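What the coordinates show
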Amino acid sequence: MSEQEKTFTLTNDQTGESCKLAVRDGTVGPSVIDIRNLYAETGHFTFDPSFTATGSCKSRITYIDGDEGILMHRGYMIEELVDKSNFLEVSYLLLYGNLPDKKQYDEFNHNITYHTMVHEQVHHFFRGFRRDAHPMAIMCGAVGGLSAFYHDSLDIWDEKQREISAHRLIAKMGTLAAMAYKYAVGQPFVYPDNSLDYASNFLKMCFSVPAEKYEVNPVLARAMDKIFILHMDHEQNASTSTVRLAGSSQANPFACIASGIACLWGPSHGGANQAVLEMLDEIGSKDRIPEFLERAKDKDDPFRLMGFGHRVYKNFDPRANVLKKYADEVLDELGINDPQLELAMELERIALEDEYFIERKLFPNVDFYSGIILKAMGFPVSMFTVLFALARTVGWVSQWKEMIEEPSLRIGRPRQLYVGSAQRDYVPMNKR
Ligand code: SDX
């Protein structure tokens, strides 16, 4: 450790022993105490079961300031990217670190577009499921199984093979998500249309039928594109951390993304957008809001206000603010007066005036309004988390690629505080 390096000294109050640890600064945000030598020097582990104060990696992709409600991708504010960019351009930015010039964009757009089709055999994956299978269950299986089709490009140490796997995953997630929807509603799969942009192509694969001509509604395509941008990456959230841990074992990228899909499904994470609509259905009317707020505060009641609260944001989730604006735009375009939007806004208003929520800094998060827009666009509630996974695949593959390209890649292997039985001898059955 060099003299000028910032350090943190840890002292054992019982023995007086101390350990000097390096402090490392990032570009912005909290510095970190480097504890990689802690066990070797002190014989102690740290203990942080849900990683509330643990940095798991260095990353250049996304930065969140939870107190200020700031979200940046590669230094660009999310509000500016949503307003001025598009899903594919932000995908390039997350993957490669800078906004593309025209040549780079056109080449990337071509590569993604020409990877949107899936192998015809993949259609048979779907046929094995019941029609009422949750589409996230199908996505876990279908995406994990994709690796079976690409034996030519699973060498994670080969830069070109990493890149083609990333392109295939981004491109095919839209097609697989649309197929999951079509399978659920009993309609034929619709092949990608390479003449369309990503969001328009996705809407056409979801909502067109062979029997009729289909025109993509540009307002809905624009809203879809923006919704994708808002869900693309979010630092080391649970599903991204799952992808990184899977990737640290050198598993292939399709298996890693399948593990991220599985983790995202939980109602505490990406499954919350589905849970918000189910909660609004259960609340039913504004006069029942106080009853549900009391339940949300009751420690003996497992009910939580879905779409509220966040591990990092202790202010408004900037994505929720943008989605609230698009909810109005999409509902206006479709001429829908959705009482659930009214109910959600009243629920937000009352919760934000309630001491319990104020004290704990619980604000609406990305999932609070997204479901209302997706429902208005025609998606069933069961598809909401699939759409989250579609967009987050860009963040997952970008974070996976960043990790694999780190020179010091090692398998992630946390330790524990063992509180089980001390050593004891086996007792034969007749003596127990
Ligand atoms: C996402 O990490 C990410 O970046 C995730 C994400 C991404 O883009 O990847 O942003 C996407 O997952 C958004 C979050 C979606 N989940 C929900 O909306 C589910 C509802 N929210 C909660 O389950 C909760 O807020 C979490 C899971 C989001 C965060 O949980 P934490 O950080 O572990 O907070 P906590 O459970 O320790 O809560 C602190 C206090 C507790 O009360 P006390 O014990 O202090 O009295 O706040 C309470 C909690 O009971 N609390 C809530 C609440 N959220 C927290 N009480 C009622 N309703 C809630 N929603």
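Presented here is an overview of the structure given in this document.

**What about the pairing of strand β5 (residues 70-73)?**
Across four bridges, strand β4 (residues 62-65) lies against β5 in antiparallel orientation. Bridge pairing in β5 places Asp65 opposite Ile70. Here β4 folds back onto β5 in antiparallel fashion, the turn holding four residues, of which Gly69 has a positive phi close to 70°. In terms of strand pairing, β5 meets strand β6 (residues 76-77) through two bridges, oriented antiparallel. Within β6, the residue paired with Met72 across the bridge is Met77.

**Some thoughts on the site of the ligand**
If you check the shell around the ligand, you find 24 residues, and the closest are His234, His310, Arg311, Arg319 and Arg392. Separating an oxygen atom of the ligand from a side-chain N or O atom of His234 is a distance of 2.6 Å. His310 places a polar side-chain atom, nitrogen or oxygen, 2.6 Å from an oxygen atom of the ligand. Surface burial for the ligand is 76%, taken as the share of its 1,100 Å² of free accessible area covered by protein chains. Among the residues forming the shell around the ligand, the class breakdown is nine nonpolar, eight polar and seven charged.

**Notes on the sheet that holds β6**
Spatially, three strands are ordered β4-β5-β6 in an open sheet, and the strand pairing comes out antiparallel. Strands at the two margins of the open sheet, each flanked by one partner only, are β4 and β6.

**Describing the packing of aromatic side chains**
As enumerated under the stated definition, the model contains 22 aromatic pairs in all. When the centroid spacing of 5.9 Å and the interplanar angle of 75° are considered together, the rings of Phe308 and Phe357 count as edge-to-face. Placement of the pair is Phe308 in the loop between α13 (289-297) and α14 (318-334) and Phe357 in helix α16 (residues 355-359), with a sequence separation of 49 residues. Residue classification places Phe308 among the buried residues on the basis of a relative accessible area of 11%. Phe357 sits in the buried class, given a relative accessible area of 3%. Here the aromatic cluster, defined as three or more aromatic residues joined through ring pairs, consists of Phe87, Tyr181, Tyr198, Phe202, Phe207, Phe228 and Phe379.

Conventions adopted
Residues numbered from 1 in each chain as written. Predicted model: local features only at pLDDT ≥ 70, side-chain atom pairs only at ≥ 80, totals over all residues. Heavy atoms only, no water. Pairing = 2+ DSSP bridges. Helix = DSSP H or I, 4+ residues; strand = E, 2+ residues; numbered from the N terminus. Near = heavy atom within 4 Å. Polar contact = N/O pair within 3.5 Å; in protein donor to acceptor, adjacent residues only side chain to side chain. Areas by Shrake-Rupley, 256 points an atom, 1.4 Å probe, with all protein chains shown as cover. Nonpolar A, V, L, I, M, F, W, Y, C, P; charged D, E, K, R; others polar. Phe/Tyr/Trp six-rings, centres within 6.5 Å; stacked < 30°, edge-to-face > 60°. Buried < 20%, exposed > 50% of the residue type's maximum accessible area, 1.4 Å probe, protein only.

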